[in-house]
Amino acid sequence: MDIRRLRSFIVIVDTGSITRAADVLHIAQPALSQQLAALEDHFRQKLLIRSQQGVSMTEAGKAVYRHAQIILRQMDQAQADVKAAGSTLVGRVSVGLVPFSSAATLSVDLLTETRKRHPGILLHLTESVGQTYSQMIMNGRLEMALIHGTGPIKGVRFEPVFVEEFHLVAHRDFGIEPGETPLPVSALNDVPLLLPPPYNFVRRAIDLAFTRARLSLNVVAELEIVRTLGRTVSRGVGATIMPRAIAERIVAESSEPLIARVVAPRIEETLSLCLSDQSELSEPALAVRSILMELTARLKGPG
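Just so it is clear, the model here is predicted, and its values are computed rather than measured.

Engineer: Break down the nonpolar core for me, with residues and values.
Structural biologist: Ranked by internal contacts, the top residues of the largest apolar core, which has 34 residues, are V93, V95, L110, M144, L146 and L292. Put simply, the parts of the chain that give this core at least two residues each are β3 (91-97), β4 (121-126), α6 (133-138), β5 (144-148), β6 (156-171), β12 (268-276) and α10 (283-299). Per-element accounting of this core gives the leading share, 7 residues, to α10.

Rendered as structure tokens:
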């Protein structure tokens, strides 16, 4: 099989249109359509369904897309290995770091350490609220990800790293005093809250805690950008409840008097390393995984 057909198929799926894919690949649309037809003929299956809105994958197309990602990554790694000739680690490694978690605080350190130890590795980092990282791993678009949850999800495996404890962060104007003792969630019944949307794992954990306490959340805004969340909390628009590392970052980056308190009952979520259970990590990916585990160990804190 011509490897170019697999690359072209991935671009068609990612762009959602044969016309857009032809522009990206700088080839004529009829030639690209012929490549797709040849690929479908090879597998003897319809891979894409065309409509006025673009293209969508059939079940067979999803299988080809997933394997094509893995095959092309292996081909790229093979070329990098040959070029390196065993001297240094060379290759592209893709990592997902889920936002609104301790993982989101690791991106700069992960880039810095990887560059320092393995300058031949091209690190691709993703911090997106609009992507399902486990699905991206199954499709071969990511090699690993730090995400919330412990599974099980067919096609991936979870390696729990540590449990994140959540903290309230509020401007001192809200009248919440600093202290080491946990703050009862009942004290937050009327506090305006700035939180991620309901589908977010952090939000789900908070919703569950308030439901169990038979309390209603007073959510005044739903935000998907941590920096915007921090700035809004600093202005006193509302308070937030975040994993400890994010809460500490919001306090550290603010010039305003902010209070951070652990809440009771404990609100927490497990942070896990998510990997494919269908393919092994390349040597560069194993090296990045090792660095990532070193960095997460620093976040666990005492106890």
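Engineer: Before we move on, could you go through the packing of helix α2 (residues 18-25) against helix α3 (residues 29-43) and cite the residues and values that matter?
Structural biologist: Between α2 and α3, the least distance of the axes is 9 Å, while the angle of their chain directions is 110 degrees. If you check the angle between α2 and α3, you find them roughly perpendicular. Contacts from I18, T19, A21, A22 and L25 in α2 reach Q29, L32, S33 and L36 in α3. Among the residues making up the contact of α2 with α3, the classes are represented as 6 nonpolar, 3 polar and no charged.

Engineer: Explain the pattern of salt bridges to me, and be specific about the residues and the numbers.
Structural biologist: Taken as a whole, this structure holds 13 salt bridges when the rule is applied. Across the pair R157 and E159 runs a salt bridge whose closest N-O atoms are separated by 3.6 Å. Under the relative-accessibility criterion, E159 is labelled partly exposed at 24%. Its salt-bridge partner being R266, residue E165 comes within 3.0 Å of it at the nearest N-O pair. Within this pair, whereas E165 is found in strand β6, its partner R266 is found in the loop between β11 (258-264) and β12, the two being separated by 101 residues in sequence.

Engineer: Can you lay out the side chain of S17 for me, pointing to particular residues and giving the numbers?
Structural biologist: Along the polypeptide, S17 turns up in the loop between α1 (3-15) and α2. Separated by 3.3 Å, the side chain of S17 and the backbone nitrogen of R20 make a polar contact. Not counting chain neighbours up to four residues away, the residues in contact with S17 comprise I12 and V55.

Cut-offs and rules
Residues numbered from 1 in each chain as written. Predicted model: local features only at pLDDT ≥ 70, side-chain atom pairs only at ≥ 80, totals over all residues. Heavy atoms only, no water. Core = buried A, V, L, I, M, F, W, Y, C linked by side-chain atoms within 4.5 Å. Buried < 20%, exposed > 50% of the residue type's maximum accessible area, 1.4 Å probe, protein only. Helix = DSSP H or I, 4+ residues; strand = E, 2+ residues; numbered from the N terminus. Axes fitted to C-alpha atoms, helices over the stretch in contact; angles between N-to-C directions. Parallel < 35°, antiparallel > 145°, perpendicular 65-115°, else oblique. Contact = heavy atoms within 4.5 Å. Nonpolar A, V, L, I, M, F, W, Y, C, P; charged D, E, K, R; others polar. Salt bridge = Lys/Arg side-chain N within 4 Å of Asp/Glu carboxyl O. Polar contact = N/O pair within 3.5 Å; in protein donor to acceptor, adjacent residues only side chain to side chain.

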